[in-house]
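# Fold and contact review
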Amino acid sequence: MSTPEPVTPARRDLEAGLQAEVQQAIADGILLQQAAADRLGLGLSDFKCLTALSGMDAPTAGDVATHTGLTTGAVTRMIDRLERGGWVRREHDTHDRRKVIVRLVPERMTQIGPLFDGMSAAWTHALAEYDDDQIAMMLDLFRRMRVVARQQALALTE
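First things first, this report covers the structure right here in the doc. What you see is a predicted model; the values in this text were computed from it and never measured.

The subject of this paragraph is the overall build of the chain. On a plain count of helices and strands, the chain comes out with seven helices and two strands. In the chain, the succession of α and β elements from N to C terminus is α-α-α-α-β-β-α-α-α. What you see for the chain is a C-alpha radius of gyration of 20 Å, clearly larger than the 15 Å of a compact globule of 158 residues, by over 25%. Seen through its C-alpha atoms, the chain measures out along the principal axes to roughly 60 × 40 × 25 Å. Within the chain, buried positions represent 17% of all 158 residues. Carbon and sulfur atoms form 57% of the exposed surface of the chain, whose accessible area is close to 11800 Å². Charge centroids of the chain, computed over 18 positive and 22 negative side chains, lie 9 Å from each other.

Written as structure tokens, this is what we have:
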């Protein structure tokens, strides 16, 4: 069994630089999402709820609470606001009438995509200089960072 190589100062500097850039990218992403939410007349948490719902299959309010880390009461109030705004509708589950599913309203959701067209084009331009293997490596890195972030968020809430 070999011993791991010691971490060099150059490696520490690279890791610190990457961490700082990722933190700033997250902050900038939040600013972008806030601008999109403002454009739609939504609060940021309501906008993030729509994002969460778009990635879920037949979610209940409890599922949204679990996915977002919000209390079920906060999620219920958020869903009430989104329903009043025409963004979601509640439907009874066809197999269990006690279960209420939160569905996105497709006509309203079409308003979100165009707000991110510029970002999508800019991403395509920014990634054009990287080959497929480099992009695959970045994708792996970001997947790992998401796992770490979720683990750390869980640790902070316990």
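Let's pick the thread back up.
Enumeration over the complete set of coordinates arrives at one aromatic pair. Here F47 and F116 contribute two aromatic rings whose centre-to-centre distance is 6.2 Å and whose plane-to-plane angle is 25°, an arrangement assigned as stacked. A residue pair is termed long-range when its members are at least 10 positions apart, and F47 in helix α2 (residues 44–54) and F116 in the loop between α5 (106–109) and α6 (117–127) qualify at 69 residues. With a relative accessible area of 3%, F47 lands in the buried category.

A cluster of nonpolar side chains, contributed by L32, M119 and W123, occupies part of the molecular surface with about 280 Å² of accessible area. With respect to the helices and strands, L32 occurs in helix α1 (residues 9–40). In this structure L32 comes out as partly exposed when scored by relative accessible area, which is 30%.

Another aspect to go through is the pattern of salt bridges. Evaluated as defined, the whole model comprises eight salt bridges. With a shortest N-O distance of 2.6 Å, D46 and R81 are connected by a salt bridge. Placement of the pair is D46 in helix α2 and R81 in helix α4 (residues 72–84), with a sequence separation of 35 residues. Residues D96 and R98 are paired through a salt bridge, measuring 3.1 Å at the closest nitrogen-oxygen approach. Classification of R98 by relative accessible area gives exposed; the value is 73%. Taken together, the shared-partner salt bridges in this structure form one network comprising D80, E83 and R90.

What counts, and at which threshold
- Residues numbered from 1 in each chain as written.
- Predicted model: local features only at pLDDT ≥ 70, side-chain atom pairs only at ≥ 80, totals over all residues.
- Heavy atoms only, no water.
- Helix = DSSP H or I, 4+ residues; strand = E, 2+ residues; numbered from the N terminus.
- Rg over C-alpha atoms; globule rule 2.2 N^0.38 Å.
- Buried < 20%, exposed > 50% of the residue type's maximum accessible area, 1.4 Å probe, protein only.
- Areas by Shrake-Rupley, 256 points an atom, 1.4 Å probe, with all protein chains shown as cover.
- Lys, Arg positive; Asp, Glu negative; His and termini not counted.
- Charge placed at Lys NZ, Arg CZ, Asp CG, Glu CD.
- Phe/Tyr/Trp six-rings, centres within 6.5 Å; stacked < 30°, edge-to-face > 60°.
- Patch = residues over 30% accessible without salt bridge, like charges linked within 9 Å, V, L, I, M, F, W, Y side chains within 5 Å.
- Salt bridge = Lys/Arg side-chain N within 4 Å of Asp/Glu carboxyl O.

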